[in-house]
Amino acid sequence: MFTPGQDVGTGFMQRLNILYKGLQQIGDVTHFQPTPETVRSLLVSSVGNQTSAGVLMEEASNAAASCWSLRRHQPTGSNAQAFRRMMPESFDVVFLHRLAMSWWTGWTDPKRTIVDLDDLVSHYYLQGLALGNPAVRLLKQLRCQWVRITERRALDAFRFSLVCSNEDRNYVHQHPKVLVVPNSYWPSPKMDETPIDHGGSRLVFIGSMTFPPNVNGVAWFVREVLPIIRRQRPDAQLQVVGRTQNQRHGDWSWVDAPGVEFVGSVADIAPYHQGADIEVCPLLQGRGTRIKILEALAFAKPVVSTTIGAYGIPFDESSGIFRADDAGEFANQCLRLMSDSKLRQQSSTLAKERVEASFSPKAAQAIITTAVETILSEQGLVLP
């Protein structure tokens, strides 16, 4: 599991660990791992002396749509067999991470099941529908529609489905069985230290550089935005911090550009948040809530982001997020913050207060606890 300070680029594991810790508060947890290459861990929680909860967690997979035929075919692979040996029907609550888990395990008891949809898969398939020849576009549209139907079936079937933001809940038409469990930042003692201001010249991007949208977003920023900034502020420097694992996918033409320092993998990201005057999130594609932005706000640093980059975070400029989608406006927002120390301080101070109230692990874990309590109460059970 992910632990604080391990490395950047672990947002997926970070969400899993926060959910895991929330379930630990309900009871003892035991790990079960049927197939390492597809399943992260099966967590079985004891609640008191008689009540129990099962939790299945899995790393990102493109197999989500396979649960479309779940009710017509029961999987017979090792994952399903191992899961059945645990007698899941004896548990009062089963928690599945991602739709693919219901397929791999063959689990179909909806009344006591919570499924974490995490980032909605169909969101990714919505992108690029207009690209390609007519046949390719048609296939893309069919695939996207197929996945959306699959997601809808999950919302109808399971007791609760979890999404990451109110925008995601609106995307599924505010389905009555959908709960918003926001992504969260990891608290760090260094977040309580007085923010350091270096005069506005230090721009920082933090994110996994094994994720092509991050790489391509940085390339766009360095190629299109940074030159505009440096014409007015020649002292402007961009620091890029993120895990690489010796992988270089996407556009890396920016790495040796003037004013750019590529740091790569680090053991602790806190000093880089502390060293920033402004953090940037220039993503041009991808969906989901950016934990990198939540962390920046928790460190009381303002963020300039594209609309996609700041998806799912209901903060405006007064709360530390400055949005812009074209290069000129993105540069102007950065220059505006760079030249106004009062604006940097005021917006980031309020941002820190709001992110601590709404996006801390405690906020997410409280929702998980409420969902479990609801399912138990429907069975005539209560938490001790």
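Since this is a predicted model, take the numbers as computed values, not measurements.

A word on the packing of aromatic side chains
Enumeration over the complete set of coordinates arrives at six aromatic pairs. Look at Phe221 and Phe330: their rings are 5.7 Å apart centre to centre, the planes differ by 75°, and that puts the pair in the edge-to-face class. Of this pair, Phe221 sits in helix 7 (residues 212-232) while Phe330 is found in helix 10 (residues 327-338), placing the two residues 109 residues apart along the sequence. Just as Phe221 is buried, Phe330 falls in that class too. When the centroid spacing of 5.9 Å and the interplanar angle of 85° are considered together, the rings of Phe315 and Phe359 count as edge-to-face. Of this pair, Phe315 sits in the loop between strand 12 (303-305) and strand 13 (321-323) while Phe359 sits in the loop between helix 11 (341-358) and helix 12 (361-378); the two residues are 44 residues apart in sequence, bridging distant segments of the chain. Here Phe315 matches Phe359 in class, with each residue buried. Put simply, the rings of Trp220, Phe221 and Phe330 pair up and form one aromatic cluster. It is Arg159 that lies over the ring of Phe160; its NZ or CZ is 4.3 Å from the centre.

Remarks on the packing of helix 7 against helix 10
Relative orientation of the contacting elements helix 7 and helix 10 amounts to 45°, with a least axis distance of 9 Å. As the angle between them shows, helix 7 and helix 10 are arranged oblique. In terms of crossing hand, the pair formed by helix 7 and helix 10 is right-handed. Seen from helix 7, the contacting residues are Trp220, Phe221, Glu224, Val225, Ile228, Ile229 and Gln232; seen from helix 10, they are Ala327, Gly328, Phe330, Ala331, Cys334, Leu335 and Met338. Of the residues belonging to the contact of helix 7 with helix 10, the class tally is eleven nonpolar, two polar and one charged.

Observations concerning a nonpolar patch on the surface
Together, Leu138, Leu139 and Leu142 give the surface a local cluster of nonpolar side chains, amounting to about 310 Å² of exposed area. Turning to its location among the elements, Leu139 is positioned in helix 5 (residues 134-157).

Details of the sheet that holds strand 12
Reading across the sheet, the six strands line up as 10-9-8-11-12-13 and stay open at both edges, with parallel pairing between neighbours. Each of the sheet's edge strands pairs with one partner strand only, and the pair in question is strand 10 (260-264) and strand 13. Geometrically, the sheet is characterised by an average inter-axis angle of 25° between neighbouring strands, direction not taken into account. Alignment of strand 8 (residues 202-206) against strand 9 (residues 237-241), held across five bridges, turns out to be parallel. Among the inter-strand pairings, Arg202 is bridged to a residue of strand 9, identified as Gln237. Running over the sheet, helix 10 touches strand 8, strand 11 (278-281), strand 12 and strand 13 and is turned about 165° from strand 11.

Reading guide: rules and limits
Residues numbered from 1 in each chain as written. Predicted model: local features only at pLDDT ≥ 70, side-chain atom pairs only at ≥ 80, totals over all residues. Heavy atoms only, no water. Phe/Tyr/Trp six-rings, centres within 6.5 Å; stacked < 30°, edge-to-face > 60°. Helix = DSSP H or I, 4+ residues; strand = E, 2+ residues; numbered from the N terminus. Buried < 20%, exposed > 50% of the residue type's maximum accessible area, 1.4 Å probe, protein only. Lys NZ or Arg CZ within 6 Å of the ring centre and 35° of its normal. Axes fitted to C-alpha atoms, helices over the stretch in contact; angles between N-to-C directions. Parallel < 35°, antiparallel > 145°, perpendicular 65-115°, else oblique. Left-handed = near helix turned anticlockwise from the far one by under 90°. Contact = heavy atoms within 4.5 Å. Nonpolar A, V, L, I, M, F, W, Y, C, P; charged D, E, K, R; others polar. Patch = residues over 30% accessible without salt bridge, like charges linked within 9 Å, V, L, I, M, F, W, Y side chains within 5 Å. Areas by Shrake-Rupley, 256 points an atom, 1.4 Å probe, with all protein chains shown as cover. Salt bridge = Lys/Arg side-chain N within 4 Å of Asp/Glu carboxyl O. Pairing = 2+ DSSP bridges.

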